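# Examining the three-dimensional arrangement
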Amino acid sequence: MSASDDETLNGIVALVIEDDGMQLMAMQMLLESWGCVVLPAASAQAAAQAIAQGGQPDLIVSDFRLPDNISGVDAVARVRQTLGRNLPAILQTGDTDPSLVRDARTHGYALLHKPYDPNHLRSLMVTLIGRA
């Protein structure tokens, strides 16, 4: 990872949707260490509240399995619809179900299987931000 890649993420606003409190805190700390501004949300509803309160994310990182039987695919779609723009999105999951992989690809989301190397996440974020 080059210095310019680190600078690419500096100031990027990342909406992180993760229902596991420890995972959410860890992701927030990681992304902030890369210079990102993090909007943490423990559910799709909390993500909607963050947007309603003026949050303007550049990127979404969402767990696939969220509370109330809402998938990360659905949560990202709601955020995109609310904001009226097609934000880059990364789904993360420990699930290896082939239908999940198809669903993520069908919707154009990047998919990371837990556990993964944080540098892979950073590279993916840099790539997606560069395309946006």
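See above for the structure.
Throughout what follows, the structure given in this document is the object of discussion. The structure presented is a predicted model; accordingly, all values stated were derived computationally and were not measured. (Residues numbered from 1 in each chain as written. Predicted model: local features only at pLDDT ≥ 70, side-chain atom pairs only at ≥ 80, totals over all residues. Heavy atoms only, no water.)

### Observations concerning the environment of Ala110
Here Ala110 shows up in strand E7 (residues 110-113). A relative accessible area of 16% means that Ala110 is categorised as buried. Separated by 21 residues in sequence, Ala110 and Ala89 have C-alpha atoms that sit 6.4 Å apart. Aside from chain neighbours lying at most four places away, what touches Ala110 is Ala89, Ile90, Leu91, Leu124 and Leu128. (Helix = DSSP H or I, 4+ residues; strand = E, 2+ residues; numbered from the N terminus. Buried < 20%, exposed > 50% of the residue type's maximum accessible area, 1.4 Å probe, protein only. Contact = heavy atoms within 4.5 Å.)

### Things to note about the pattern of salt bridges
Throughout the structure, instances matching the rule amount to three salt bridges. With its nearest N and O atoms 3.4 Å apart, the salt bridge here joins Lys114 to Glu18. Placement of Lys114 in the loop between E7 and helix H6 (118-131) and of Glu18 in the loop between strand E1 (13-17) and helix H2 (21-33) is noted, with a sequence separation of 96 residues between them. Among the salt bridges present, the one from Asp63 reaches Lys114, with a minimum N-O distance of 3.1 Å. Of this pair, Asp63 sits in strand E3 (residues 59-63) while Lys114 is found in the loop between E7 and H6, placing the two residues 51 residues apart along the sequence. Overall, the relative accessible area of 8% leaves Asp63 in the buried class. On the accessibility criterion, Lys114 (28% relative accessible area) is partly exposed. Sharing partners across several salt bridges, the network here consists of Glu18, Asp63 and Lys114. (Salt bridge = Lys/Arg side-chain N within 4 Å of Asp/Glu carboxyl O.)

### So, unusual backbone geometry
Going from Lys114 to Pro115, the amide bond is cis rather than trans, its omega being -10°. In this structure, Pro115 sits in the loop between E7 and H6. Positive phi, close to 65°, is recorded for Asp68, a residue that is not glycine. Residue position: Asp68 is located in the loop between strand E4 (65-66) and strand E5 (70-71). Of note in the backbone geometry, Asn69 takes a positive phi value of approximately 55° without being a glycine. Tracing the sequence through the fold places Asn69 in the loop between E4 and E5. Looking at Asn69, the relative accessible area reads 80%, which means it is exposed.

### Things to note about helix H3 (residues 44-52)
Three or more residues of H3 are buried, namely Ala44, Ala47, Ala50 and Ile51. Viewed end-on, H3 has its buried residues packed into an arc of 115°, placing them on one side of the element. Exposed side of H3, more than 90 degrees from the buried face: Gln45 and Ala52 are the residues found there. The secondary structure elements touched by the buried residues of H3 are E1, strand E2 (37-41), E5 and helix H4 (72-83). Of the residues trailing H3, Gly54 is marked for its positive phi of about 100°. (Arc of directions from axis to C-beta.)

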